[in-house]
Each structure stands twice: as C-alpha cells, then as structure tokens.
Amino acid sequence: MKTFVQSGQVLTLVAAAAATAGEPVIVGQLVGVALEDAAIGDEVVIHTSGVFNMPAADSLSVGAAVEWDSGELVALDAGVQVGVLVTASAGGFAQVKVG
C-alpha cells in the first residue's frame, strides 16, 4: 500500500515533559507508555498499544476507563483517557489496556 508508513505500535517522539519508563506519555490525545526515561526535549520511545501493569487508585473495576493523575491510574474524569482496565485494582496496581 502506497500510503502505509508503519504499524504505529511503537513511536519515537520529542518529550514535551520528563518521561519515566513504564508510565504514560500523553501528547494531546496521543497516549503511549514510555519504554525508557527521557528528559524534556529528548526523544522518547512509546508503546501505543498493549497491556501494562501500573500504579492505580483503590476500588477501580475491570472495564473502567482511566486517566493518569499524580502518578497513578484513576477513574476517568476530565483528563485524557489512558486506557481501560483489564484487572480490578488491587494492592495499589492494575493492568490497563492502552490503545
């Protein structure tokens, strides 16, 4: 196909904010999980799809839409949706499907 560029599962972007490996990187409505740490202005590689284990607020259920706030997944309110939980939160963590 002439217009195909790439699968889009792994992207390299310029970090608009400091990025920490294993945490969401949000650029507008584009969401991915950083594969490595990156400083502002450095390139950061993100995974835009998959299931990731992340810190999460208590009492979140399977299927909950979540956003990233203060270093953990929380119920989607006014932020950018990071993904949907595939496990309930337990012990401060949950598995989230990104993409």
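Give a detailed account of the overall build of the protein chain, specifying residues and quantitative values.
Looking only at helices and strands, the protein chain has zero helices and nine strands in total. A compact globule built from 99 residues should have a C-alpha radius of gyration of about 13 Å, and the protein chain, at 14 Å, falls within 12% of that. Dimensions of the protein chain, computed from C-alpha atoms along their principal axes, come out at roughly 45 × 35 × 25 Å. A total of 99 residues make up the protein chain; the buried ones form 33% of that total.

Describe the sheet that holds strand β2 (residues 24-27), naming the residues involved and giving the relevant values.
If you walk across this open sheet you meet the four strands as β1-β4-β3-β2, and the pairing is antiparallel. A single partner strand is all that each edge strand has here, and the edge strands are β1 (10-14) and β2. Averaged over all pairs of adjacent strands, the angle between strand axes in this sheet comes to 45°, irrespective of strand direction.

Requested: an account of the nonpolar core, with residues and values cited.
Counting 17 residues, the largest nonpolar core has M54, L73, L85, V96 and V98 as the members making the most contacts within it. Sorting the residues of this core by element identifies β3 (30-34), β5 (50-55), β6 (65-69), β7 (72-75) and β9 (93-98) as the ones contributing at least two each. The greatest single-element share of this core, amounting to three residues, is contributed by β9. Residues L11, V25, A34 and I46 belong to the second largest nonpolar core, which totals eight residues.

I'd like a rundown of the sheet that holds β6, residues and numbers included.
If you trace the five strands from one edge of the open sheet to the other, you get β5-β9-β8-β6-β7, paired in antiparallel fashion. Every interior strand has two partners, whereas the edge strands, β5 and β7, have only one. Strand after strand, the sheet turns through a mean of 50° between neighbouring axes, direction not considered. By the bridge criterion, three bridges tie strand β8 (residues 83-85) to β9 in an arrangement that is antiparallel. The residue of β9 that forms the bridge with G83 is V98.

Lay out the side chain of S89 with the relevant residues and their values.
In this structure, S89 sits in the loop between β8 and β9. Residue S89 is classed as buried on the basis of its relative accessible area, which comes to 14%. A polar contact is formed between the side chain of S89 and the backbone nitrogen of L60, at a distance of 2.9 Å. Not counting chain neighbours up to four residues away, the residues in contact with S89 comprise A56, A57, D58, S59, L60 and A94.

Parameters at a glance
Residues numbered from 1 in each chain as written. Predicted model: local features only at pLDDT ≥ 70, side-chain atom pairs only at ≥ 80, totals over all residues. Heavy atoms only, no water. Helix = DSSP H or I, 4+ residues; strand = E, 2+ residues; numbered from the N terminus. Rg over C-alpha atoms; globule rule 2.2 N^0.38 Å. Buried < 20%, exposed > 50% of the residue type's maximum accessible area, 1.4 Å probe, protein only. Pairing = 2+ DSSP bridges. Axes fitted to C-alpha atoms, helices over the stretch in contact; angles between N-to-C directions. Core = buried A, V, L, I, M, F, W, Y, C linked by side-chain atoms within 4.5 Å. Polar contact = N/O pair within 3.5 Å; in protein donor to acceptor, adjacent residues only side chain to side chain. Contact = heavy atoms within 4.5 Å.

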